[in-house]
Amino acid sequence: MLGTIIKQLFKNPFILITSVAFLLQTLMLVLFYALPDPLGLSMSEMFAGKTIWQVFMAYGAILVMSSIFAFLKSPRALAVFYILYFFFAIADYEIFRFNHQRLSYSFIRTYFHFSNITDATTVSTLGGDGVGTFLWVGLVFLILAGGIAFCVTYSIRQRRMTMMEKRIAKLSDKKVPVTMLASGIVLSVIPLILFIVGARGITNFPFQIDWRFTLGKYTLTAPVLHIAGLETFEFMRDGYSITDELVHDLDAFLPADFAGARSNAEFPGYRNAPTHEYKATKSYNIVFIFGESYKGRVLNQMLEGDTSIAPNLWKMASSVGGLWFKNAYSGSYPTVRGTTSTYLGFPSHPNRDVPAFYASNHFKGFQEYLTNYHRAYMTVSNPVFDHTLPFVERFYGDNWRVIEDPKIPGTSDSLGMDLAIELLKTMPADSAWFLAANTIATHIPFYGYPDSYAAKPEDAMVRFKNALRYTDEQMGRFFEALYARPDFERTVVVILGDHDTPVDSIDYKVPQPLGVSAAQIFMGIFSPDTTLFKGLEIREDVASQLDIGPTILDLAQVRAPNHFWGYDLLTEKRPAEQPALFYTQNAYYLGFRDSVLTGGLESDEVYKGKNGSFEHVSDSLSLSWKSHAVGASKVLRSLLRNDNMLPH
C-alpha cells in the first residue's frame, strides 16, 4: 500500500517537475565545472569555498518556486516558468564562463540585442569553446522540448485520471507545497547561518568541500533568480537623499578645488570652469585610440626592456615623447564602464550602466565640448555590442564608420587601421580635428589574429601577446601615415585600454566577485610638440580614465563648466594619498600608487592588493576609504537616477 501511495505521489506533477528541475540543475553544475574555461583556468579553483553555497541556494530556490506554483495548483505554469528560468540560468552560466560577468539587468540590455547575435566579436568569442556552447544550446532545446511535452501529456492525463488518483492528489495538495516551501527555506537559510557563525575549514567526502563563504550578489553562489530579486529591490532603492556627509565622501575622490567651484548644491558632481594653470596654448589635433584590453601589467614590461611586446607603440613613446602612466586604472569591466568613465568623466553606475542607453543618456561627453573640431570615429566592432551606440551617434553624428566583416578571420584590426588611415586623409591640415579609433584583436579569449600570423596555443597569455603584437603592427601603419602629415607637430596621440581583462592566474587573485581582474590599464599621451613634452616622462602618480576628459579639454583650449571628476594630467597630479575610484557591478575599486583596495558595497570585508596578491585588511585607513567609496556610490546612484549630473 505504501509503495502504491509513493508511486502515486511521484505522479504528482509538482514532485515530477521539481525532480526534473533538480536533475537539470545538477547537470548544469556538472557541465559548468567540467567544461574548460576559455582561458584554461579551473572553475573549481576559481570558486573554491563557494560551490557548496551555490548548491544550497540553487536547490533552495527550486523548492521555493515549486511550492508557490503548487499552492496555486498550476503545474503547467510551473513547467513554463522553469523553461524560462533554466534558459536564463544556462545563459548565465555560459556567459560567466566566457567573460566572467553575471546575467544582470545591465548585461541583458547591453548585450541581448539581435545585432549582437551575429556580431563578429560574439561569434569569435563563442568559437573559443565550440563543444561547450553546443552542449549548453542543446540543453536549452531539451528543456524547451521537455516543457512542451509535459504540458501536452499532463493535459491528456487530466482527462483520463481515475477517482482514486484524484483523491490521492487532493490529499497531497497541501502537504507537498508546505514540505517544498519549508525545505527550500531551510536550504536557502543554511548558507546565511553558517556565514554568520564564521564556518571555515575543509571536509573530505568523495569530493572536497571548502566551507569558506563570502556574501556577494555577483558570486557564483547567487543563482540568476536571486540576482533578479536583488536588482529589482535595488532599482527601487537608488534614489538616495544627498546629504552633506555623502558629498564629503564624494569630495574625497575629487580635485581639491572641486568643492569650491560648485555653483549649485543640487549638482554636487558639477563645477564651474577649473582655474588651475593650463598647459596648452593652442588647439591641438587629437588622435584617440582605445586599445582593446590593453593591460598595464603587460605593456609596462616594455619599460623594463622587453619592447618586442608592442614595438610600434614603443617607437611612438620613445621617439616622439610624452607621458607614460605606470599606475593607470580603468572604469572597470566591460567596455561600457570604461567608455562611460572616459567619455563622460564620472564612474559608471555602481550597479547598472545607466548612461549607456538612450533613455538616460542626458550627460555630456568631452567630444561635445570640441565644437570647433572636425570629429570622426572608426570602430572595428558593432557599437551596439558594447552598448556605446548612444555615445557614437551623439559625439559624431553620421561621421563614423564601422569595418565590413573580414573575409579572412582575425584581420579586423588590419581592416580597422585601413579605415582609420582613410579617415586621417580627410582631416583638414589647417584646422583642429579629433579622430577616434578602437582595436579588437586582444579581446578575450584572444583569438583575434589570423592563423597564419602566429600559433594559438592553450596558454592564454601567449595568445594575448600574439594578438597585441598583431594589433601593434596594424597601428604602426597608421602611425606612419600620421608622422607624414604636415600638421603632425601640433598633434597629440592618446592611447589607453578600455579596461583590463583576466588572462592568467595572477588576474584571478582579485577576490571574487569584487573584480574580474586588477583594473590596471595602459595609458599614454604623446606629441612631438616640445612645448608640451620634452622627451618621454614615466609618471608614477595614479591616472585614471576619469582624467582623460579634463586633459583633452586642456588640449582643445576648452575652459568651461563641466562634470568631469578627474585631473588635467598635463598640469595636475592626483595626491599620493588619494586613490582613483571605480565601481564594478556591486563593488568598489580604489587604485593607489602601490596598492588597491576593493570590496563589496554591502559587505564589511575589505581587501588590499599588492603585486597581484590580495589579503583581508581591517585597519582604520582602509575602512575609512571603504566608507568614502560607499558614500560616493550613493551620491552617484542618486545623481544618475534623478538626472542631476549637470544643469539642463
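Before going into details, it helps to say that this report is about the structure given with it. This structure is a prediction, so every number in the text was calculated from the model and none was measured. Each chain carries its own residue numbering, running from 1 in the direction its sequence is written. In keeping with the predicted nature of the model, local features appear solely for residues at pLDDT of at least 70, side-chain atom pairs appear and are counted solely at 80 or more, and the whole-chain, interface and lining totals rest on all residues. Side-chain descriptors were evaluated using all non-hydrogen atoms of the structure, hydrogens and water having been removed beforehand.

### Brief notes about the overall build of the protein chain
The criterion, for reference: In this text, helices come from DSSP runs of H or I with a minimum length of four residues, and strands from runs of E with a minimum of two, each type numbered from the N-terminal end. Remark: exposure states derive from per-residue accessible area (1.4 Å probe, protein chains only) relative to the maximum for the residue type, with buried under 20%, exposed over 50%, and partly exposed in between. Computed by Shrake-Rupley with a 1.4 Å probe, the accessible areas treat only the displayed protein chains as cover when residues are assessed.
Looking only at helices and strands, one finds 20 helices and 15 strands in the protein chain. Counting every position in the protein chain, which comprises 648 residues, the buried fraction comes to 59%. Approximately 26400 Å² of the protein chain is accessible, and the part contributed by carbon and sulfur atoms is 61%.

### With respect to the sheet that holds strand 12 (residues 587-591)
The cut-off we apply is this: At least two DSSP bridges between two strands are needed for those strands to be called paired. Think of each axis as a best-fit line through the C-alpha atoms, taken over the contacting stretch in the case of a helix, with angles from 0 to 180 degrees between the N-to-C directions. We call two residues contacting when some pair of their heavy atoms lies within 4.5 Å.
Ordered by their spatial adjacency, five strands build an open sheet running 11-12-13-14-15, and the pairing between neighbours is antiparallel. Each end of this open sheet is capped by a strand with a single partner; those strands are strand 11 (580-584) and strand 15 (613-617). With strand direction ignored, the average angle separating the axes of adjacent strands in the sheet is 25°. Two elements, strand 12 and strand 13 (residues 596-600), share five bridges in a ladder whose sense is antiparallel. Looking at the pairing, L590 lines up with L597 of strand 13. Along the sheet, helix 20 (residues 620-641) contacts strand 11, strand 12, strand 13, strand 14 (606-610) and strand 15; its crossing angle with strand 11, the most-contacted strand, is approximately 65°.

### Concerning the packing of helix 14 (residues 311-320) against helix 18 (residues 460-483)
In the contact formed by helix 14 and helix 18, the axes pass within 8 Å of each other and the chain directions differ by 35°. Along its contact with helix 14, which presents P311, N312, L313, K315, M316 and V320, the element helix 18 presents D472, E473, G476, F479, E480 and Y483.

### Notes on a nonpolar patch on the surface
Our working rule: Nonpolar side chains (Val, Leu, Ile, Met, Phe, Trp, Tyr) are joined into patches within 5 Å and like charges within 9 Å, using only residues with over 30% relative accessible area and no salt bridge. The salt bridge criterion pairs a side-chain nitrogen of Lys or Arg with a carboxyl oxygen of Asp or Glu, the two atoms within 4 Å.
A cluster of nonpolar side chains, namely V137, F141, L144, I148, V152 and I156, defines an oily patch on the protein surface of about 530 Å² accessible area. Summarising the element assignment, L144 is placed in helix 9 (residues 130-160). Residue classification places L144 among the partly exposed positions, given a relative accessible area of 38%.

### Section: helix 17 (residues 412-426)
Heads up, the condition is: Take the number of residues in a helix, subtract one, and multiply by 1.5 Å to get its expected span.
Relative to the 21 Å expected for 15 residues at 1.5 Å per residue, helix 17 spans 22 Å between its end C-alpha atoms, a close match to the ideal helical length. Where helix 17 is buried, its residues touch strand 5 (374-379), strand 6 (400-402), strand 7 (433-438) and helix 18.

### Thoughts on the sheet that holds strand 10 (residues 536-544)
If you walk across this open sheet you meet the eight strands as 6-5-7-3-8-9-4-10, and the pairing is mixed. Of all strands in the sheet, those with a lone pairing partner are strand 6 and strand 10, marking the two edges. When the angles between neighbouring strand axes are averaged without regard to direction, this sheet yields 15°. Lying over the sheet, helix 14 contacts strand 4 (322-329), strand 8 (491-497), strand 9 (520-526) and strand 10, oriented at roughly 45° with respect to strand 9. Set on the sheet, helix 15 (residues 335-344) makes contact with strand 3 (285-291) and strand 8; between it and strand 3 the angle comes to about 160°.

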